[in-house]
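# Observations on the model geometry
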Amino acid sequence: MRATTSPDLLALDRAAQDLLFRAARTANTFTDEPVTDAQVAAIHDLIRYGPTAYNGQPLRVLLLRSAAARARLLPHLSSSNRAKTASAPLVAVLAADVDFHERLPELYPHRPQARDWLADRATRVEQARFSATLQIGYLLVGVRAAGLAAGPMAGFDAAGVTREFFPDGRHEALLVMNVGRPGSGSWQDRLPRLPTEDVVQTL
């Protein structure tokens with residue numbers, strides 16, 4: 001990893017920075033320590049303040065704890081993701097509520113007409129996916145803030161998972177995430193990250 005030579009200008013102390021970013025990794029194995037409902041609630045209470053378009057908050061989280069629920073999910077995963085998902089303490093299916101606009105009178109009360117702005121389903125689905133994806137990023141950092149590791153996976157049949165778990169058509173699966181304490185051999189060496197000068201430009 002490229003070392004920084006600039007002074008530390010972040011409000012978080014170094015330990016918190018490392019917990020959330022530098023030392024945090026995508027986990028591929030987990031211990032058998034459970035992830036409790038209280039931990040999930042604490043994570044959500046933290047990350048729910050992240051911004052979304054129209055304050056719509058379309059992310060929906062389906063927790064798969066039972067073996068029966070895992071068995072329904074596993075056939076839709078790529079083969080390399082099945083074993084670690086079957087053994088993870090907690091598996092979350094992360095989805096976008098494509099009818100999130102129905103809650104806008106409650107969540108965006110200063111614009112009572114906002115629900116009507118999203119009457120077109122195609123427009124609404126695009127907004128739901130965009131904001132729910134933002135929320136998934138917040139959720140991943142929230143999991144790390146709880147001292148846990150996340151294993152987000154895009155290697156799955158999203159349409160199949162949507163049909164299996166959300167047959168009413170209201171939700172669209174976006175990501176599957178394993179959550180727990182990292183186990184032995186959970187990751188390989190960290191891959192390179194782009195330097196600031198390759199990412200940031202000024203006009």
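We now turn to the structure provided with this report. Keep in mind that what you see is a predicted model, and the values were worked out from it rather than measured. (Residues numbered from 1 in each chain as written. Predicted model: local features only at pLDDT ≥ 70, side-chain atom pairs only at ≥ 80, totals over all residues. Heavy atoms only, no water.)

### Comments concerning helix α7 (residues 121-145)
- Taking 1.5 Å of rise per residue, 25 residues should cover 36 Å, and α7 covers 35 Å from first to last C-alpha, within 8% of that figure.
- Listing the buried residues of α7 in full gives Arg124, Val125, Ala128, Ser131, Ala132, Gln135, Ile136, Leu139, Leu140, Gly142, Val143 and Arg144.
- On the buried face of α7, the contacting elements are α1 (14-22), α2 (37-47), β1 (59-64), β2 (90-97), β3 (149-153) and β4 (171-180).
- Where α7 terminates, the next one or two residues include glycine 147, which has phi positive at roughly 80 degrees. (Helix = DSSP H or I, 4+ residues; strand = E, 2+ residues; numbered from the N terminus. Expected span 1.5 Å × (residues − 1). Buried < 20%, exposed > 50% of the residue type's maximum accessible area, 1.4 Å probe, protein only. Contact = heavy atoms within 4.5 Å.)

### Concerning the packing of α1 against α7
- Contact geometry for α1 and α7: axes closest at 8 Å, N-to-C directions at 130 degrees. As the angle between them shows, α1 and α7 are arranged oblique. Seen from above, α1 lies across α7 with right-handed handedness. On α7, the residues touching Leu19, Leu20 and Phe21 of α1 are Val141, Arg144 and Ala145.
- Residues of the contact of α1 with α7, tallied by class, amount to five nonpolar, no polar and one charged. (Axes fitted to C-alpha atoms, helices over the stretch in contact; angles between N-to-C directions. Parallel < 35°, antiparallel > 145°, perpendicular 65-115°, else oblique. Left-handed = near helix turned anticlockwise from the far one by under 90°. Nonpolar A, V, L, I, M, F, W, Y, C, P; charged D, E, K, R; others polar.)

### Focus: the environment of histidine 101
- Tracing the backbone shows histidine 101 in the loop between β2 and α5 (104-107).
- Here histidine 101 falls in the buried class, since its relative accessible area comes to 10%.
- Here the alpha-carbon distance between histidine 101 and leucine 118, two residues 17 residues apart in the chain, equals 6.6 Å.
- Setting aside residues up to four positions removed in sequence, histidine 101 forms contacts with Arg115, Leu118 and Arg124.

### Notes on the nonpolar core
- Within the largest apolar cluster, 26 residues are counted, with the highest numbers of intra-cluster contacts made by Leu94, Leu139, Val143, Met177 and Val179.
- Listed by contribution, the elements that provide at least two residues to this core are α2, β2, α7 and β4.
- Top element by residues in this core is α7. It accounts for seven residues.
- Residues in contact with valine 179, not counting those within four places in the same chain, are Phe30, Val35, Pro89, Leu90, Val143, Leu148 and Ala149.
- With 19 residues, the next largest nonpolar core counts Ala69, Ala149, Val161 and Phe166 among its residues. (Core = buried A, V, L, I, M, F, W, Y, C linked by side-chain atoms within 4.5 Å.)

### Here we look at helix α8 (residues 158-165)
- Every buried residue belonging to α8 is among Gly160, Val161, Thr162 and Phe165, and all of these are buried.
- In this structure, the buried side of α8 is in contact with β1, α3 (67-73), β2 and β4.
- The residue sitting at the N-terminus of α8 and contributing the capping side-chain oxygen is aspartate 157; that oxygen lies 3.3 Å from the backbone nitrogen of alanine 159. (Polar contact = N/O pair within 3.5 Å; in protein donor to acceptor, adjacent residues only side chain to side chain.)

### Concerning the packing of aromatic side chains
- Taken as a whole, this structure holds two aromatic pairs when the rule is applied.
- Both rings, one in tyrosine 54 and one in tyrosine 108, keep their centres 5.8 Å apart while their planes meet at 85 degrees; by these two values the pair is edge-to-face. One end of the pair, tyrosine 54, is in the loop between α2 and β1; the other, tyrosine 108, is in the loop between α5 and α6 (114-117), and 54 residues separate them in sequence.
- Relative to tryptophan 117, the ring of tyrosine 54 lies with its centre 5.9 Å away and its plane at 55 degrees, an arrangement referred to as tilted. (Phe/Tyr/Trp six-rings, centres within 6.5 Å; stacked < 30°, edge-to-face > 60°.)

### Thoughts on the pattern of salt bridges
- Throughout the structure, instances matching the rule amount to 11 salt bridges.
- Arginine 22 serves as the salt-bridge partner of aspartate 18, at 3.2 Å between the closest nitrogen and oxygen. Placement of both aspartate 18 and arginine 22 in helix α1 is noted, with a separation of four residues, approximately one turn of the helix.
- Several salt bridges converge on common partners, so that one network encompasses Arg60, Asp97, Glu102 and Arg170. (Salt bridge = Lys/Arg side-chain N within 4 Å of Asp/Glu carboxyl O.)

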